[in-house]
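Listed here are the chains, written in short residue letters.
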Amino acid sequence: MPESPIAANAATPAELQQRLDAARDGTPFLVFRHPQGGQQLVALGELPRITIGRRPECDLWLEWDVRVSRLHAELLRTGGEWVIADDGLSANGTWINETRLNGRQRLRDGDLIRVGNTVLAFCSPGDADATTISGDSVLKLIQITAAQRRVLVALCRPYLLTGRLTVPSNTDLAEQLYISVDSVKTHMKALFVAFDLGGSGPRLKRAELVERAVRRGVVLARDAGDETS
């Protein structure tokens, strides 16, 4: 699998904040990394169609990638859902989670779209059918216990209340939830596994956990006011 542009080790705290800001209104967006550095976000909004290619007229112009066709693929909004279509447009094909696209496919939160050598992550805040992509390409649903969710809500609460990406410490979480620090550590480890996080420092990994939980709708804004969640 190519590295995802939303992987835990592929973002800075500022880039995670940028994604959270993009997700606040609940509309889908794309994330990719420009070869000269930096995260790029493309808001899909209410547009009916987004073209991807190396031609300057394309909505998403990937002029640096010689393996991308002049008109490579299209994103189409149909019935409130986003669908990707190639339909023979590209010379090198379009790949979704490393499976070659044949015609059209509905996109889910976290799907990786590869066109040429460029990987785009499709982000759909609050997608009820969202999945995560594990290192061995197996799709798995996010499944957490009630106790783990209480820790996750407490971790996300500062962002939900202020809009700023700040992460409480284990001690802060333990005091807020009236549990031991060791219990917090155990739940945090399980949450990192559930959200397929690893490979970065603890603080950045926590920030990534907040971003994924909020973007995928696992934790909602209304949860911020419920201290018993």
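What about the overall build of the protein?
In step 1: Within the protein, the secondary structure is distributed over five helices and 13 strands.
In step 2: Per-residue burial for the protein yields a buried fraction of 50% across its 229 residues.
In step 3: Counting contacts in the protein only where the partners sit at least 6 residues apart, residues at least 24 apart contribute 50% of the total.

Observations concerning the sheet that holds strand β8 (residues 99-100)
Across a sheet, paired strands are connected by hydrogen bonds in the backbone, their directions being either parallel or antiparallel.
In step 1: As summarised here, the arrangement of the six strands in space is β2-β1-β11-β10-β7-β8, forming an open sheet in which the pairing is antiparallel. One side of each edge strand has no neighbouring strand; the edge strands of this open sheet are β2 (39-43) and β8.
In step 2: As paired elements, strand β7 (residues 94-96) and β8 share two bridges and run antiparallel to each other. Bridge pairing links I96 to T99 in β8.

Brief notes about the pattern of salt bridges
In step 1: Evaluation of the coordinates by the stated rule reveals 14 salt bridges.
In step 2: By sharing partners, the salt bridges in this structure join R19, D109, E208, E211, R212, R215 and R216 into a single network.

Focus on the nonpolar core
In step 1: The biggest cluster of nonpolar side chains holds 31 residues, and the ones touching the most others in it are L152, C156, M188, F195, L209 and V210.
In step 2: Counting only elements with at least two residues in this core, the list comes to α1 (13-23), α2 (146-162), α3 (170-177), α4 (181-194) and α5 (202-215).
In step 3: Discounting residues that sit within four places of it in the chain, C156 has contacts with V210, A213, V214 and V219.
In step 4: Counting 19 residues, the second largest nonpolar core, distinct from the first, contains F32, I50, I84 and V115.

Quick look at α1
In step 1: Within α1 the residues assigned to the buried category are E15, L16, Q17, R19, L20 and A23.
In step 2: Contacts made by the buried residues of α1 are with β1 (29-33), β2, α2 and α5.

Brief notes about the side chain of T94
In step 1: Mapped onto the elements of the fold, T94 is located in strand β7.
In step 2: Within the local environment of T94, its side chain forms a polar contact with the side chain of H72, the two groups lying 3.4 Å apart.
In step 3: Within polar-contact distance, the side chain of T94 engages the side chain of D86 at 2.8 Å.
In step 4: Once you skip the residues sitting within four places of it in the chain, T94 turns out to touch H72, A73, I84, D86, T99, R100, L101, I113, R114 and V115.

Considering the packing of α1 against α5
In step 1: Close contact between α1 and α5 brings their axes to 10 Å; oriented N to C, the two are set at 10 degrees. Judged on the interaxial angle alone, α5 and α1 are roughly parallel. Listed contacts from α5 to P13, L16, R19, L20 and A23 of α1 are L204, A207, E208, V210, E211, V214 and R215.
In step 2: Looking at side-chain class alone, the contact of α1 with α5 contains eight nonpolar, no polar and four charged residues.

Scoring rules and cut-offs
Residues numbered from 1 in each chain as written. Predicted model: local features only at pLDDT ≥ 70, side-chain atom pairs only at ≥ 80, totals over all residues. Heavy atoms only, no water. Helix = DSSP H or I, 4+ residues; strand = E, 2+ residues; numbered from the N terminus. Buried < 20%, exposed > 50% of the residue type's maximum accessible area, 1.4 Å probe, protein only. Contact = heavy atoms within 4.5 Å. Pairing = 2+ DSSP bridges. Salt bridge = Lys/Arg side-chain N within 4 Å of Asp/Glu carboxyl O. Core = buried A, V, L, I, M, F, W, Y, C linked by side-chain atoms within 4.5 Å. Polar contact = N/O pair within 3.5 Å; in protein donor to acceptor, adjacent residues only side chain to side chain. Axes fitted to C-alpha atoms, helices over the stretch in contact; angles between N-to-C directions. Parallel < 35°, antiparallel > 145°, perpendicular 65-115°, else oblique. Nonpolar A, V, L, I, M, F, W, Y, C, P; charged D, E, K, R; others polar.

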